[in-house]
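# Remarks on the overall topology
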Amino acid sequence: MSQEDPVCCGSGCTNCVLDVKPSKHVLPRDAVNVFDRTYKQFICESITKATENVFRFRFRCLPAISNDQERLIIPPGCHLMLRTHKTSCQAPEKWENPLEHPLSLWRMKNPAQLPKQIASKPKEKYDKSEDDLYLSRPYTPIGCDPARGTFDVLIKLEPDGLMTNYLLTLSTGSLTEWKGVYGDFLWTRNQCRNVVAFVQGVAIAPIYSTLRAILDDEEDETRLTLCACFRDLASVAVRVLPPTQGCNAIALRNGYATTNQSTIAG
């Protein structure tokens, strides 16, 4: 773990996701990123159902961005860390308006199971001086709005998962803690003539954000092909690609095919 980020997240990761090298990303001139690798408060702005077990969460930074220099910058393919106190990892037994809450409907279809009889093997922590107070997980945003200070993540809920139990407590207006940005993937405009990507399930997030950034760049003429694997049409996590000049997105039964029309025409 680097001296720049010495605090252990408490999850006991075999390969610590916080063991990062100095970032290679360059911020725009006179811009200050909201994310500075310390935990920041974000309010849950919306929760929508994407598939049977995958939900799309939108979070907005607090306080709201109030000047031209401060921006929410999340480079394509990079991930953030969500943390919560371990005492918060108890799913609510009931909701005030259960029929209006998408997560309560999921819990009704996926009731809590009995505790596992076989305990998992203890995981060694990198920082043994840090108490096991927090639970954290990495998530890759599929999009962000730098001006409004919002970002969206796709999260697959797992019955009796510790982070799932915490997510079940969230609703519009709930406060959360996020930290970032992590990941050193860099894309240079037109560095490749063709890019072919293969993804499955919620792992589409880093690829989706990268291809979306390429398609949003009018000067990037890279030809893109995305092969996404899903169980069926109802399991497609991202159903509609945003309209982009020169881009044609087609929803298929086994995934998506995206092409850059300007490249084909050339």
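Keep in mind that this is a model prediction, so the values were computed, not measured.

### Re the nonpolar core
Counting 31 residues, the largest nonpolar core has F35, F42, F57, F59, F151, L167 and W178 as the members making the most contacts within it. Of all the secondary-structure elements, those providing two or more residues to this core are β2 (40–49), β3 (54–61), β5 (79–85), α1 (102–109), β6 (134–139), β8 (150–156), α2 (162–167) and β9 (175–182). It is β3 that contributes the most residues to this core, four residues altogether.

### Focus on the packing of aromatic side chains
Applying the stated criterion across every chain, the model contains eight aromatic pairs. On the basis of an interplanar angle of 70° and a centroid distance of 5.3 Å, the ring pair of F42 and F151 is categorised as edge-to-face. Separated by 109 residues along the polypeptide, F42 in strand β2 and F151 in strand β8 bring together distant segments of the chain. Here the two residues F42 and F151 agree in accessibility, since each one is buried. Residues F59 and W178 carry aromatic rings whose centres are separated by 5.1 Å and whose planes lie at 55° to one another, so their mutual orientation is tilted. Highlighted residues: F59 in strand β3 and W178 in strand β9, separated in sequence by 119 residues. A connected cluster of aromatic rings, assembled from ring pairs, spans F35, F42, F57, F59, Y139, F151 and W178. Cation over ring: R83 sits above Y39, and NZ or CZ is 4.0 Å from the ring centre. The residue whose ring lies beneath R83 is Y134, and the NZ or CZ to ring-centre distance is 4.0 Å.

### A short note on the sheet that holds strand β7 (residues 141–145)
Read from one edge of the open sheet, seven strands run β6-β5-β9-β2-β3-β8-β7, paired in antiparallel fashion. Taken across any chain shown, the strands that pair with only one partner, and hence form the sheet edges, are β6 and β7. Neighbour to neighbour, the strand axes of the sheet diverge by 35° on average, direction disregarded. Inspection of the sheet shows β2 paired to β3 by seven bridges, in the antiparallel sense. For S46, the partnering residue across the bridge sits in β3 and is R58.

### Quick look at the environment of D152
Positionally, D152 belongs in strand β8. Using a relative accessible area of 5% as the deciding quantity, one classes D152 as buried. The sequence separation of D152 and T140 amounts to twelve residues, and the corresponding C-alpha distance is 8.7 Å. Each residue touching D152, except ones within four places of it in the same chain, is listed here: R56, F57, R58, P141, I142 and G143. A distance of 2.9 Å separates the side chain of D152 from the side chain of R56, its partner in a polar contact.

Calculation notes
- Residues numbered from 1 in each chain as written.
- Predicted model: local features only at pLDDT ≥ 70, side-chain atom pairs only at ≥ 80, totals over all residues.
- Heavy atoms only, no water.
- Core = buried A, V, L, I, M, F, W, Y, C linked by side-chain atoms within 4.5 Å.
- Buried < 20%, exposed > 50% of the residue type's maximum accessible area, 1.4 Å probe, protein only.
- Helix = DSSP H or I, 4+ residues; strand = E, 2+ residues; numbered from the N terminus.
- Phe/Tyr/Trp six-rings, centres within 6.5 Å; stacked < 30°, edge-to-face > 60°.
- Lys NZ or Arg CZ within 6 Å of the ring centre and 35° of its normal.
- Pairing = 2+ DSSP bridges.
- Axes fitted to C-alpha atoms, helices over the stretch in contact; angles between N-to-C directions.
- Contact = heavy atoms within 4.5 Å.
- Polar contact = N/O pair within 3.5 Å; in protein donor to acceptor, adjacent residues only side chain to side chain.

Remember, this is a structural readout, not a statement about activity or role.
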